[in-house]
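Single-letter residue listing:
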Amino acid sequence: MDITVVVPLLNEAESLPELCSRIKAVMENHSFSYEILMIDDGSTDSSWECLCGLAKSDPCIHGIRFRRNYGKSAALYCGFEKARGEVVVTMDADLQDAPEEIPELYRMVTEEDYDLVSGWKRRRKDNALTKNLPSKLYNATARLITGIKLHDMNCGLKAYRKDVVKSVEVYGEMHRYIPYLAKNAGFTRIGEKEVHHEKRKYGKSKFGVERFVNGFLDLQSLWFLSTFGKKPMHFFGFSGLVMFLAGFVMTVWIIAAKLVHQASGVRFRAVTEQPLFYLALLCVVLGVMLFLAGLLGEMIARSAPERNSYNIKEEL
């Protein structure tokens, strides 16, 4: 099978017939063998009933329905697990992603040997204050931390080589950072294509401004796990050592100053009356706690079942 189109959806009953019709037209015009996987993420409208009707008239349409809303990452995870196409394309169900972009995304993966191609909505049809500006700041931060030079990392329209979606685990709200997950899994051929962005025709957006705050926190978590996930002692141990040494140096300084003043007959304050003493004590305690946290993390990492899990590209 050439292409699997994975579409997460939540309360998009009005847009589904047009979306499926456009995807089908594109696939037939280019003679692709394909399947469409619709993941209903706990819709409360008639999305599932509409999807059932579409699936009856087109055997290429398949659906998964969650009992409640789990989020876009869960929907993509299930879609990736079921996908059979050599190229997996993800897109949103709100008709803001154009299915007509699929053939070029497919060509870039199959002919230009990209592992992943991300869409770039250069000319957005969203509110500039609530979406465009925060999106630019978010993407600039993501580029800085991940080292992946994508203008729109959170674009829902992406194409993946099948190996990529079978090698990454999307959880929580990590769907925003699939390119970074792919990079950490060894898939470094990541490209970008400028895509057309259409105005929402039905319903309203399911994402608020809070997603940018959550996205930043998720990015920090992902960076930490990818950098120190299998070697927590490198972070906590080093931080603890620095804190302990700082406290130790301050303690030596306080004691040495006291002895010098005492020998010189100069008036001096008791060690316990000096603020620096308590700062030194705090640094020593924090240093020991961080070191112990690193040791515990190392023990947990060593007992994890995936500690020796590696992504092998090929064998002879």
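Note: the structure precedes this text.
Residues numbered from 1 in each chain as written. Predicted model: local features only at pLDDT ≥ 70, side-chain atom pairs only at ≥ 80, totals over all residues. Heavy atoms only, no water.

(A) How the structure looks around the packing of helix α1 (residues 16-29) against helix α2 (residues 47-57). Running from amino to carboxyl end, α1 crosses α2 at an angle of 35 degrees, the nearest separation of the two axes being 10 Å. Considering the relative orientation of α1 and α2, their crossing is right-handed. When α1 is examined against α2, the residues L16, P17 and C20 are found in contact with a partner set consisting of S47, C50 and L54. Looking at side-chain class alone, the contact of α1 with α2 contains five nonpolar, one polar and no charged residues. (Axes fitted to C-alpha atoms, helices over the stretch in contact; angles between N-to-C directions. Helix = DSSP H or I, 4+ residues; strand = E, 2+ residues; numbered from the N terminus. Left-handed = near helix turned anticlockwise from the far one by under 90°. Contact = heavy atoms within 4.5 Å. Nonpolar A, V, L, I, M, F, W, Y, C, P; charged D, E, K, R; others polar.)

(B) Representation of the environment of L292. Its place among the elements puts L292 in helix α10 (residues 275-303). C-alpha of L292 to C-alpha of G237: the two residues are 55 residues apart in sequence and 7.8 Å apart in space.

(C) Quick look at the pairing of strand β4 (residues 87-90). Every second residue of β4 is oriented toward a common face, with V87 and V89 on one face and V88 and T90 on the other, all of them buried. Where strand β1 (residues 3-9) and β4 come together, four bridges link them in parallel fashion. Looking at β4, one finds that I3 is bridged to V87. Examined bridge by bridge, β4 and strand β6 (residues 158-161) share four bridges and lie antiparallel to one another. Paired with V87 across the bridge in β6 is R161. (Buried < 20%, exposed > 50% of the residue type's maximum accessible area, 1.4 Å probe, protein only. Pairing = 2+ DSSP bridges.)

(D) Spotlight on helix α4 (residues 102-110). Looking only at α4, the buried set comprises I102, P103, L105, Y106, M108 and V109. Packed against the buried residues of α4 are β1, α1, β4, β5 (116-120), β6 and β7 (190-194).

(E) Highlighting a nonpolar patch on the surface. Residues L241, F244, L245, F248, V249, V252, V288, F291, L292, L295, L296 and M299 make up a contiguous nonpolar surface patch of roughly 1100 Å² in combined accessible area. Of all the secondary structure elements, the ones that give two or more residues to the nonpolar patch are α9 (232-264) and α10. Here V288 is to be found in helix α10. (Patch = residues over 30% accessible without salt bridge, like charges linked within 9 Å, V, L, I, M, F, W, Y side chains within 5 Å. Areas by Shrake-Rupley, 256 points an atom, 1.4 Å probe, with all protein chains shown as cover. Salt bridge = Lys/Arg side-chain N within 4 Å of Asp/Glu carboxyl O.)

(F) How the structure looks around the side chain of D58. With respect to the helices and strands, D58 occurs in the loop between α2 and β3 (61-65). Only 2.9 Å separates the side chain of D58 from the backbone nitrogen of C60, close enough to count as a polar contact. In contact with D58, not counting residues within four places along its chain, are K24 and Y34. (Polar contact = N/O pair within 3.5 Å; in protein donor to acceptor, adjacent residues only side chain to side chain.)

(G) Fine view of the pattern of salt bridges. Enumeration over the complete set of coordinates arrives at 13 salt bridges. In this structure, R22 and E100 form a salt bridge, with 2.8 Å as the shortest nitrogen-oxygen distance. Placement of R22 in helix α1 and of E100 in the loop between β4 and α4 is noted, with a sequence separation of 78 residues between them. Overall, the relative accessible area of 15% leaves R22 in the buried class. The exposure class of E100 is partly exposed, given its relative accessible area of 45%. Where K121 meets D97, a salt bridge forms, and the shortest distance between an N and an O atom there is 3.2 Å. Pair noted here: K121 is in the loop between β5 and α5 (128-146) and D97 is in the loop between β4 and α4, with a separation of 24 residues, a long-range link. Salt bridges linked by common partners bring E18, R22, E100 and E198 together as one network.

(H) Here's a closer look at the sheet that holds β7. With mixed pairing, the seven strands of this open sheet are ordered in space as β3-β2-β1-β4-β6-β5-β7. Edge strands, defined here as strands with exactly one partner in the open sheet, are β3 and β7. With strand direction ignored, the average angle separating the axes of adjacent strands in the sheet is 20 degrees. Where α2 meets the sheet, its contacts fall on β1, β2 (34-40) and β3, and the angle it forms with β3 comes to roughly 155 degrees.

(I) Here's a closer look at the packing of aromatic side chains. In the structure shown here, the tally under the stated rule is five aromatic pairs. Where F66 meets Y70, the ring centres are 5.3 Å apart and the plane angle is 90 degrees; that geometry is what we call edge-to-face. Classification of Y70 by relative accessible area gives partly exposed; the value is 44%. Here F277 and Y278 contribute two aromatic rings whose centre-to-centre distance is 5.1 Å and whose plane-to-plane angle is 80 degrees, an arrangement assigned as edge-to-face. The residue whose ring lies beneath R189 is Y114, and the NZ or CZ to ring-centre distance is 4.8 Å. (Phe/Tyr/Trp six-rings, centres within 6.5 Å; stacked < 30°, edge-to-face > 60°. Lys NZ or Arg CZ within 6 Å of the ring centre and 35° of its normal.)

(J) The arrangement of the nonpolar core in detail. If you look at the biggest cluster of nonpolar residues, it comprises 33 residues, and the most contacted ones within it are I3, V5, L19, M27, M38 and M91. The residues contacting L19, other than those within four sequence positions of it, are V7, M38, M91, D92, A93, L95 and P99. Counting residues in each nonpolar core, the second largest holds 32 residues, with I148, V170, M174 and Y180 among its members. (Core = buried A, V, L, I, M, F, W, Y, C linked by side-chain atoms within 4.5 Å.)

(K) Summary view of unusual backbone geometry. Here the phi dihedral of N11 falls at roughly 55 degrees; this positive angle occurs in a residue that is not glycine. Tracing the chain through its elements places N11 in the loop between β1 and α1. A positive phi is found at D113, a non-glycine position, where the angle reads about 65 degrees.

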